[in-house]
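Overview (structure and organization)
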Amino acid sequence: SFSYPEEDAFFKARMALAEKGDPVAQYDIGNCFEKAKGTKVDMAAAQMWFRKSGEQGNPDAAFAVGLGYTLGSGVEKDPVQAVTWYKKAAHGGHPFAQFVLANQYSTGNGTPKDLSEAFALHNLAIVGSDSIAADFARKNLADLEKEMTQAEIAKGKLRIGELEAIIAATKKK
């Protein structure tokens with residue numbers, strides 16, 4: 001495949017840092033393997049580098065690992081593993097991961113169904129972002145509230161504060 005000299009140079013420079021354990025460089029290398037920037041597409045290698053970065057607390061990388069498990073991209077499809085990684089990303093303050101994880105909880109995909117948890121996560125996605133994640137979360141939250149009891153909503157409102165504390169503690173690390 002055709003590549004640009006600047007992409008080759010970027011890949012080499014980032015790989016040197018990634019191999020030394022730099023989580024941002026590891027995430028960049030995962031993206032290079034995913035998008036054929038300075039190297040060929042290799043989804044298994046992309047997932048390996050995303051995982052290394054995600055294990056060090058990079059929420060973008062953790063989200064990428066979760067997505068890999070959802071799509072079966074570079075790894076076997078595994079909804080339970082996807083939820084584990086979406087949780088890492090969501091607890092790291094990643095709004096789109098919060099939205100996706102909320103959907104996992106509202107459908108019981110890869111995790112026991114928990115509408116209160118879904119409610120809390122959708123609310124965090126709305127507060128944490130002005131992006132498309134917030135728009136999606138608003139729509140899903142409106143639908144979710146229709147099937148929730150007052151007790152589940154009350155529990156969800158309490159859970160928002162607990163999750164905010166987890167996110168604040170995670171971001172301090």
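This text gives an overview of the structure that appears in the document. (Residues numbered from 1 in each chain as written. Predicted model: local features only at pLDDT ≥ 70, side-chain atom pairs only at ≥ 80, totals over all residues. Heavy atoms only, no water.)

1. Description of helix 1 (residues 5–19)
Taking 1.5 Å of rise per residue, 15 residues should cover 21 Å, and helix 1 covers 21 Å from first to last C-alpha, within 8% of that figure. All of the buried residues in helix 1 are Glu 7, Phe 11, Arg 14, Met 15 and Ala 18. When helix 1 is viewed along its axis, its buried side chains cluster within an angular range of 110° and face the same direction. Opposite the buried face of helix 1, at more than 90 degrees from it, the exposed residues are Pro 5, Glu 6 and Lys 12. Check the buried side of helix 1 and you find it contacts helix 2 (23–35) and helix 3 (43–55). Taken from the residues just after helix 1, Gly 21 is the one with a positive phi, measuring 100°. (Helix = DSSP H or I, 4+ residues; strand = E, 2+ residues; numbered from the N terminus. Expected span 1.5 Å × (residues − 1). Buried < 20%, exposed > 50% of the residue type's maximum accessible area, 1.4 Å probe, protein only. Arc of directions from axis to C-beta. Contact = heavy atoms within 4.5 Å.)

2. What about the packing of helix 6 (residues 95–107) against helix 8 (residues 132–146)?
For the pair helix 6 and helix 8, the least separation of the axes is 9 Å and the interaxial angle reads 25°. Accordingly, the angle class assigned to the pair helix 6 and helix 8 is roughly parallel. As for how helix 6 packs across helix 8, the hand of that crossing is left-handed. Taking contact as the criterion, the partners of Pro 95, Phe 96, Phe 99, Asn 103 and Ser 106 in helix 6 are, on helix 8, Ile 132, Ala 133, Phe 136, Ala 137, Asn 140 and Leu 144. Along the lines of polarity and charge, the residues of the contact of helix 6 with helix 8 split into eight nonpolar, three polar and no charged. (Axes fitted to C-alpha atoms, helices over the stretch in contact; angles between N-to-C directions. Parallel < 35°, antiparallel > 145°, perpendicular 65-115°, else oblique. Left-handed = near helix turned anticlockwise from the far one by under 90°. Nonpolar A, V, L, I, M, F, W, Y, C, P; charged D, E, K, R; others polar.)

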